[in-house]
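Spelled out from the first residue to the last, the chains are:
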Amino acid sequence: MPRVNRTVVLSLLIVSSCVFLLFQLYYYRNYVTRSGPHILSQTGHLTASDIQWQTVKKFLALAQRFRLPLFLADTAALTLLSQDALRQRDRQTREPHCSFLCTDRPITSFALQANLWKHNANFLLAAEQKGFELLQVRGEDPRLASLDTLSGEEIPLHFLFRLHGYIIHVVFLYERSGNYLWHGALRLKAHVDRSFAPFKLLDYGRHTGAYDRPKLVLTVLDGLDIQVPHNITRFLSEQRHAHFLECRYREARTFLQLYPEDSSPAAVDFRRNAKSLLHIAARTLAGLDIPFWLSSGTCLGWFRQCSVISYSRDVDIGIFIVDFKSDIVTAFKKAGLSLKHKFGKVDDSLELSFVSGDVKLDIFFFYEERDIVWNGGTQAKSGRKFKYIFPRFSLCWTELLELKVRVPCETLDYVTANYGTTWSIPVRSWDWKSSPSNVQENGVWPPAEWEELIQVY
């Protein structure tokens, strides 16, 4: 039997060891020490969350390369960033390497302020080269809707990037004149592939939405650098109540053709002063964290003509009585308004009225009863009480006088309840005790209580 050459054996062992060592170094460099979670799970196989994480990582790398300042807007991922959710998540060992971005949904949502998007064709081309398929959803620019003629050019509203069955949803946020951000609805055209994405699972696009401009912070999630809203709880609350209604500009133009807008100096002054008063009211109530909406004639003016009714001479807003706070009068006085009258009490027919110059701000408090809501009215000289009944409604955002404000989402029902089916016809002679369609008698305040319940200044 030939004798084994020790040198040959030693050489083979050295070569084998070097090859194995190089393999280990390659694996360590490419799969372990790279920034972020491990690509492979403990079993050594790619899991669903591994693939989702890789998809997000690849997309964010592209965004950083082209300097697109995306921020995380995914409601499921942001919810996991709350402290309670973090503690609960820490107790779970499933998929520990992808704790936030892997949410058991095949979608991750990001938002982008549209003024920072320059229609970068190079970015879209690079995404395609990385294997991403793209579905673009475009629509009309609402900022041009008040003009008689539109350019016809559509703006990007939603981009959906698909890779390995996962969707990166980019929502475009546009600046509006009321210093807030707006996104459009996601409406698919007839030729679009409905199977491209699980559209029913998307956080954004069922309707248009409005948001305050969020302050962003840079953080690290699952090993990736990502911008997130600084106040996550507030952002999530805004997302749940973001539904936005655009003013009906086409109908408003038709109305103004029939009933031209008053351009007299008095009317111009009123519109200017009403705008100032509405902005003061919004700031004051925001400071108290009290939500309100446009009511009565102010709501009618927005719905009918996208403006205020110049001959109404007041601004009307509504507040649910459950949101009442005792320091509301003090807050409005500090804002420079004078209390004109205070009728009723917190548990029945409360009404406040303030004045600034020659414009009045009427605040009607609404009470909920079964399937209706109502607000009260009081005649100061007689103590008679009145009740104005509305069908229940939810609240949406809109814009009036360069201000983001709420209106009843079911605006037509609300206006019709108050002004009847002829609401589209201007009525200059209006008796608040008998003209509204929804008014009814509601008794009389006891004379012994008038000093407390009927205060006129």
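Look up a bit, the structure's there.
Residues numbered from 1 in each chain as written. Predicted model: local features only at pLDDT ≥ 70, side-chain atom pairs only at ≥ 80, totals over all residues. Heavy atoms only, no water.

### What about the overall build of the protein chain?
No. 1: Secondary structure assignment for the protein chain yields 12 helices and 20 strands.
No. 2: Counting only residues that meet the buried cut, the protein chain has 47% of its 457 residues in that class.
No. 3: Of all intrachain contacts in the protein chain linking residues separated by at least 6 positions in sequence, the fraction that spans at least 24 positions is 66%. (Helix = DSSP H or I, 4+ residues; strand = E, 2+ residues; numbered from the N terminus. Buried < 20%, exposed > 50% of the residue type's maximum accessible area, 1.4 Å probe, protein only. Contact = heavy atoms within 4.5 Å.)

### What to know about the pairing of strand β4 (residues 155-163)
No. 1: Of all 9 residues in β4, 9 are buried; the element is thus mostly enclosed.
No. 2: Both strand β3 (residues 133-139) and β4 contribute to a ladder of 7 bridges, which runs antiparallel. Counterpart to Gly139 in the pairing with β4 is Ile155.
No. 3: In this sheet, strand β5 (residues 166-176) lies alongside β4 in antiparallel orientation, the contact comprising 6 bridges. The partner of Leu163 across the bridge, within β5, is Tyr166.
No. 4: Counting the residues between successive antiparallel strands, the hairpin from β4 to β5 contains 2 residues, one of them, His164, with a positive phi of roughly 55°. (Pairing = 2+ DSSP bridges.)

### Some words on the state of the cysteines
No. 1: Summed over the entire model, instances satisfying the criterion amount to 3 disulfides.
No. 2: There is a disulfide in this structure between Cys98 and Cys102, and the S-S distance comes to 1.9 Å. Looking along the S-S bond of the Cys98-Cys102 disulfide, the torsion reads about 80°, which is the right-handed sense. With respect to burial, Cys98 and Cys102 carry one shared label: buried.
No. 3: Through a disulfide, Cys247 is tied to Cys306; the S-S separation comes to 1.7 Å. Across the S-S bond linking Cys247 and Cys306, the dihedral sits near -115°, which makes this disulfide left-handed. Of this pair, Cys247 sits in the loop between α6 (232-240) and α7 (249-258) while Cys306 sits in the loop between α9 (296-305) and β11 (314-320), and the two are 59 residues apart along the sequence.
No. 4: Assessed through its relative accessible area of 7%, Cys247 is described here as buried. (Disulfide = S-S within 2.5 Å.)

### Quick word on the packing of α9 against helix α11 (residues 411-419)
No. 1: Interhelical geometry of α9 versus α11 gives an angle of 130° and a closest axis separation of 10 Å. Compared by their axis directions, α9 and α11 come out oblique. As α9 runs across α11, the sense of the crossing is left-handed. Across from Ser296, Gly297, Cys299, Leu300, Trp302 and Phe303 in α9, the residues of α11 making contact are Thr411, Leu412, Tyr414, Val415, Asn418 and Tyr419.
No. 2: Its residues assigned to classes, the contact of α9 with α11 shows 8 nonpolar, 4 polar and no charged. (Axes fitted to C-alpha atoms, helices over the stretch in contact; angles between N-to-C directions. Parallel < 35°, antiparallel > 145°, perpendicular 65-115°, else oblique. Left-handed = near helix turned anticlockwise from the far one by under 90°. Nonpolar A, V, L, I, M, F, W, Y, C, P; charged D, E, K, R; others polar.)

### Let's talk about the pattern of salt bridges
No. 1: Applying the stated rule across the entire model yields 20 salt bridges.
No. 2: The residue Arg272 makes a salt bridge to Asp269 at a minimum N-O spacing of 2.5 Å. Taken as a pair, Arg272 and Asp269 lie in helix α8 (residues 265-287) at a separation of 3 residues, close to a single helical turn. (Salt bridge = Lys/Arg side-chain N within 4 Å of Asp/Glu carboxyl O.)

### With respect to unusual backbone geometry
No. 1: Even without glycine at this site, Ser349 takes up a positive phi of about 60°.
No. 2: The topology assignment puts Ser349 in strand β13 (residues 348-356).
No. 3: Phi at Glu402 is positive, roughly 60°, even though this residue is not glycine.
No. 4: Within the secondary structure, Glu402 sits in the loop between β17 (395-399) and β18 (404-408).
No. 5: Assessed through its relative accessible area of 43%, Glu402 is described here as partly exposed.

### Side note on empty space enclosed by the protein
No. 1: Inspection of every chain in the model, using the stated rule, returns 2 cavities of 30 Å³ or more.
No. 2: In this structure, the largest cavity spans a volume of roughly 60 Å³.
No. 3: As for the largest cavity, its lining consists of Phe71, Ala111, Val171, Leu173, Leu181, His183, Tyr204, Tyr211, Asp212, Pro214 and Phe235.
No. 4: Mapped onto the lining of the largest cavity, the elements with two or more residues apiece are β5 and β6 (180-183).
No. 5: For the lining of the largest cavity, the class distribution of residues is 9 nonpolar, 1 polar and 1 charged.
No. 6: Of the pockets and cavities examined, the second largest cavity occupies roughly 50 Å³.
No. 7: If you trace the second largest cavity, you find it lined by Phe59, Leu68, Leu70, Leu112, Trp117, Phe123, Phe159, Phe161, Val170 and Phe172. (1 Å grid on protein atoms, 1.4 Å probe; cavity = no way out; pocket = protein on both sides within 12 Å on 5 of 7 lines; lining within 4 Å. Points joined across faces, edges and corners; volume = space filled by probe spheres on them.)

### Some thoughts on α6
No. 1: Taken together, the buried positions of α6 are occupied by Ile232, Phe235, Leu236, Glu238 and Gln239. Projected onto a plane normal to the axis of α6, the buried residues spread over an arc of 160° and lie on a single side. Seen from the buried face of α6, the exposed residues on the opposite side, beyond 90 degrees, are Thr233 and Arg240.
No. 2: Structurally, α6 contributes buried residues whose contacts are with β1 (71-72), α3 (75-79), β7 (209-211) and β9 (224-229). (Arc of directions from axis to C-beta.)

### A word on the packing of aromatic side chains
No. 1: Using the criterion set out here, one finds 31 aromatic pairs in the structure.
No. 2: Seen in terms of ring centroids, Trp117 and Phe172 are 5.7 Å apart; in terms of plane orientation they differ by 80°. Their pairing is edge-to-face. With Trp117 in the loop between β2 (107-113) and α5 (121-129) and Phe172 in strand β5, this pair connects stretches of sequence that are 55 residues apart. Across this residue pair, the class does not change: Trp117 and Phe172 are buried.
No. 3: Taking 4.5 Å as the distance between ring centres and 20° as the angle between the ring planes, the aromatic pair formed by Phe390 and Tyr414 counts as stacked. Placement of Phe390 in strand β16 (residues 384-391) and of Tyr414 in helix α11 is noted, with a sequence separation of 24 residues between them.
No. 4: Taking the relative accessible area as the measure of exposure, Phe390 reaches 2% and is therefore buried. (Phe/Tyr/Trp six-rings, centres within 6.5 Å; stacked < 30°, edge-to-face > 60°.)

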